[in-house]
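Remarks on the overall topology
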Amino acid sequence: MKNEILVGSMILFLLFAPLTKVAFAAEEKKVCVKELDSKTKKEKEVCKTIKVHKKLEGTAIPDKK
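Summary of the structure given here.

Rules behind the numbers
- Residues numbered from 1 in each chain as written.
- Predicted model: local features only at pLDDT ≥ 70, side-chain atom pairs only at ≥ 80, totals over all residues.
- Heavy atoms only, no water.
- Helix = DSSP H or I, 4+ residues; strand = E, 2+ residues; numbered from the N terminus.
- Buried < 20%, exposed > 50% of the residue type's maximum accessible area, 1.4 Å probe, protein only.
- Contact = heavy atoms within 4.5 Å.
- Areas by Shrake-Rupley, 256 points an atom, 1.4 Å probe, with all protein chains shown as cover.
- Pairing = 2+ DSSP bridges.
- Disulfide = S-S within 2.5 Å.
- Patch = residues over 30% accessible without salt bridge, like charges linked within 9 Å, V, L, I, M, F, W, Y side chains within 5 Å.
- Salt bridge = Lys/Arg side-chain N within 4 Å of Asp/Glu carboxyl O.

Of regular secondary structure, the protein chain possesses 1 helix and 2 strands. Classification of the 65 residues of the protein chain by burial places 0% in the buried group. When contacts within the protein chain are restricted to residue pairs at least 6 apart in sequence, long-range pairs at least 24 apart make up 14% of them. Summing over all exposed atoms, the protein chain offers an accessible surface of approximately 7300 Å²; the carbon and sulfur share of this is 61%.

Below, the structure written as structure tokens:
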């Protein structure tokens, strides 16, 4: 009986594991900054891709008295 429950839970985990990655994936955003090149004294644009996570709202933590 315990083996059947263990196998069943493993199968359910393997079925739903890929869904959790999609549900909690971060949004990617491209950010560009202009920098001055020290050698050529020309302005160049440096771009990076960053991940933006969704902020979850929660209850405030009460202050200690």
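What follows deals with unusual backbone geometry. Non-glycine residue Lys 41 carries a positive phi angle of around 60°. As for its placement among the helices and strands, Lys 41 is situated in the loop between β1 (27-36) and β2 (43-52). Relative accessible area serves as the criterion here: at 62%, Lys 41 is assigned to the exposed category.

So, on to the pairing of β2. With respect to burial, β2 is a largely exposed element, only 0 of its 10 residues being buried. Where β1 lies against β2, 10 bridges are found, and the strand directions are antiparallel. Paired with Cys 32 across the bridge in β2 is Cys 47. Counting the residues that bridge the hairpin from β1 to β2 gives 6 residues, and of these Lys 41 lies at a positive phi of roughly 60°.

What follows deals with the state of the cysteines. Counted according to the given criterion, the structure contains 1 disulfide. In this model, Cys 32 is linked to Cys 47 through a disulfide, with the two sulfur atoms separated by 2.1 Å. Its S-S torsion of approximately 105° makes the covalent link between Cys 32 and Cys 47 right-handed. Here the residue Cys 32 occupies a position in strand β1, and Cys 47 occupies one in strand β2, the gap between them amounting to 15 residues.

Take a nonpolar patch on the surface next. Together, Val 7, Ile 11, Leu 12 and Leu 15 give the surface a local cluster of nonpolar side chains, amounting to about 380 Å² of exposed area. Mapped onto the elements, Leu 12 comes out in helix α1 (residues 2-23).

Turning our attention to the environment of Glu 43. Within the element layout of this structure, Glu 43 appears in strand β2. When residues no more than four places from it in sequence are discounted, the contact partners of Glu 43 are Lys 34, Glu 35 and Leu 36.

Bear in mind that shape data such as this cannot, by itself, settle questions of function.
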